[in-house]
Amino acid sequence: MSSAIYLDNHATTPLDPRVLEAMLPYLTEHFGNPSSNHLFGWVAREAVEKAREEVAALVNATPEEIIFTGGATESNNLALLGAARALADRGRHIVSYVTEHKAVLDPFKVLAGEGFDVTLLPVERDGLHDLGLLERSLRPDTVLVSVMAANNEIGVLAPLEEIGALCAERGIVLHTDAAQALGKIPVDVRRTRVALASFSAHKVYGPRGVGALFVRRRPRVPLQPLVHGGGHERGLRSGTLNTPGIVGFGAACRIAAEEMASEAQRVRALRDRFLQAILQRVPDAVLNGHPERRLPGSLNLSFPGVEGESILTHLGDVAVSSSSACTSSLRQPSHVLKALGLSDEMAYAALRFGIGRFNTEDDIVRAAERVGNAVSALRELGRASASSA
Ligand SMILES: Cc1ncc(COP(=O)(O)O)c(C=O)c1O
């Protein structure tokens, strides 16, 4: 894998060696259960609480507001099912967007089945959110709004502060899925006035299988737990805590807090250079999503006349994605790209590139060359088969 080029950092990120180093003692000598009342337990508990502080610090929360979970999918389920069910007496209208991750859209489907009235708003052609449209959709019985901070397919950012103000004025609980935003751009739960925010460690150079949910304390957000048992995590998520994973998540957040600004600059420069290099080779490639209001490492491009899946098979050891990893086993055009108004053909012609912490200038140059060659080869094949038909 040494020469392989990984440009799929939206799907998951490699573990930072510094994170691994922080985790190792908790996989070996410090194996205690953080709930145990003896030396082994105390050591593990102390590490969990330090990690809680590190995660909280990155998003401007207090440690008591951080609940550890098994990842952003679980955090989204706990936030949406938990809040909607707890708020059902107040109202049954809930709002989100068609471009959300399935880990939000599917809990919304569950809630629709339970009698909630669901509004899924469209986005504009560049993936931006129309605040007027959101405002007009809010009703006296609206109890919950969910908006992802950054989109996992096109990287487009939501105007969370403005949406937070709209919701706060009306006493509506605002949830954000910030799995892609954490550690890439500033996420501030106070400035945005979100009530609930979902995070995942493996999108920020931490381990897979651990995440967190920010649950605002003042004013308190009512939340019904999904997992019942020993009453861990303030009764919101029972189950023995994953100490090594949580320690890794904490370390990943500490590193992100220290390095986010300089890393974002470096990654953005690499991404822009990559785009230029691609456009030199494939001048008719089309950028999907807003050119500026997006994550530093995100690039989603359609290559007219060729399928993203076919390009993938020509890329060899360059790892990119033809749509979001979670849905790419389904042979359907991306629901996000369709929501931007792309034809099926242009949606199938898309590739998602995610540039991250460990990518180098050399990766970018080599990957752009491979993509350019693959597109040319496929177009040549297409022309040859058309002329022989
Ligand atoms: C926006 C978004 N939300 C949620 C998830 C799911 O996160 P996890 O893998 O931690 O469950 C992902 C990852 O694919 C994501 O990109």
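Residues numbered from 1 in each chain as written. Predicted model: local features only at pLDDT ≥ 70, side-chain atom pairs only at ≥ 80, totals over all residues. Heavy atoms only, no water.

## Regarding the domain arrangement of the protein chain
So, step 1. Domain annotation for the protein chain reports domain 1 (5–12 + 260–388) and domain 2 (17–255).
So, step 2. For domain 1 and domain 2, the distance between their C-alpha centres works out to 29 Å.
So, step 3. Contact with domain 1, which involves 31 residues of that partner, is made by 36 residues of domain 2.
So, step 4. Summed over both partners, the interface of domain 1 with domain 2 comes to about 2,800 Å²; 57% of that surface belongs to carbon and sulfur atoms.
So, step 5. In terms of surface lost to domain 2, no three residues of domain 1 exceed Met-260, Arg-293 and Arg-357, which account for 23% of the buried area on that side.
So, step 6. One can count zero salt bridges joining domain 1 with domain 2.
So, step 7. Linking domain 1 with domain 2 are 14 residue pairs in polar contact (both at pLDDT 80 or more).
So, step 8. Those elements giving two or more residues to the side of domain 1 that touches domain 2 turn out to be helix H7 (243–281), strand S10 (298–302) and helix H9 (335–339).
So, step 9. For the side of domain 1 that touches domain 2, the element with the highest residue contribution is H9, accounting for four residues.
So, step 10. Of the residues contributing to the side of domain 1 that touches domain 2, the split by class is 11 nonpolar, 15 polar and five charged. (Domains from an automatic or database assignment. Contact = heavy atoms within 4.5 Å. Buried area = accessible area lost by both parts, 1.4 Å probe. Salt bridge = Lys/Arg side-chain N within 4 Å of Asp/Glu carboxyl O. Polar contact = N/O pair within 3.5 Å; in protein donor to acceptor, adjacent residues only side chain to side chain. Helix = DSSP H or I, 4+ residues; strand = E, 2+ residues; numbered from the N terminus. Nonpolar A, V, L, I, M, F, W, Y, C, P; charged D, E, K, R; others polar.)

## Side note on the packing of H7 against helix H11 (residues 361–388)
So, step 1. Between H7 and H11, the shortest axis-to-axis distance is 9 Å and the interhelical angle comes to 25 degrees. Compared by their axis directions, H7 and H11 come out roughly parallel. The handedness of the crossing between H7 and H11 comes out as right-handed. Residues Leu-270, Arg-273, Phe-274, Ala-277, Ile-278 and Arg-281 of H7 lie in contact with H11, whose contacting residues are Glu-361, Ile-364, Ala-367, Ala-368, Glu-369, Val-371 and Gly-372. (Axes fitted to C-alpha atoms, helices over the stretch in contact; angles between N-to-C directions. Parallel < 35°, antiparallel > 145°, perpendicular 65-115°, else oblique. Left-handed = near helix turned anticlockwise from the far one by under 90°.)

## Quick look at the site of the ligand
So, step 1. If you check the shell around the ligand, you find 13 residues, and the closest are Thr-73, Asp-177, Gln-180, Ser-200 and Lys-203.
So, step 2. One of the side-chain N or O atoms of Gln-180 is found 2.7 Å from an oxygen atom in the ligand.
So, step 3. At 2.8 Å from an oxygen atom of the ligand is found a side-chain nitrogen or oxygen belonging to His-202. (Near = heavy atom within 4 Å.)

## As for the pattern of salt bridges
So, step 1. On inspection of all chains with the given rule, the structure shows 26 salt bridges.
So, step 2. The salt bridge involving Asp-141 is made with Arg-139; its shortest N-O contact spans 2.9 Å.
So, step 3. You can call Asp-141 partly exposed: its relative accessible area is 27%. (Buried < 20%, exposed > 50% of the residue type's maximum accessible area, 1.4 Å probe, protein only.)

## As for empty space enclosed by the protein
So, step 1. For the structure shown, the criterion picks out three cavities of 30 Å³ or more.
So, step 2. Taken as a whole, the largest cavity encloses approximately 180 Å³ of empty space.
So, step 3. Every residue lining the largest cavity is counted, 18 residues in all, and those nearest its centre are Lys-184, Tyr-205, Val-267, Gly-297 and Ile-355.
So, step 4. Top element by residues in the lining of the largest cavity is H7. It accounts for four residues.
So, step 5. Taken domain by domain, the makeup of the lining of the largest cavity includes at least three residues from each of domain 1 (5–12 + 260–388) and domain 2 (17–255).
So, step 6. When its volume is computed, the second largest cavity comes out at roughly 50 Å³.
So, step 7. Each residue belonging to the lining of the second largest cavity can be placed in one class, and the counts come to three nonpolar, four polar and one charged. (1 Å grid on protein atoms, 1.4 Å probe; cavity = no way out; pocket = protein on both sides within 12 Å on 5 of 7 lines; lining within 4 Å. Points joined across faces, edges and corners; volume = space filled by probe spheres on them.)

## Describing helix H4 (residues 102–113)
So, step 1. Look at H4: 16 Å from first C-alpha to last across 12 residues, which is about the 16 Å you get at 1.5 Å a residue.
So, step 2. Among the residues making up H4, those that are buried are Ala-103, Val-104, Leu-105, Pro-107, Phe-108 and Leu-111.
So, step 3. Looking at the buried positions of H4, the neighbouring elements they touch are helix H3 (72–87), strand S3 (93–97), strand S4 (117–121), strand S5 (142–146), strand S6 (173–177) and H9.
So, step 4. Following H4 by one or two positions, Gly-115 adopts a phi angle in the positive range, close to 100 degrees. (Expected span 1.5 Å × (residues − 1).)

## Examining the layout of surface pockets
So, step 1. Taken as a whole, the largest pocket spans an internal volume of roughly 330 Å³.
So, step 2. Lining the largest pocket are 15 residues, and of these Glu-161, Ile-185, Pro-186, Val-187 and Thr-192 sit closest to its centre.
So, step 3. In terms of residue count, helix H6 (residues 160–170) provides more of the lining of the largest pocket than any other element does, three residues in total.
So, step 4. For the lining of the largest pocket, the per-class residue count stands at nine nonpolar, one polar and five charged.

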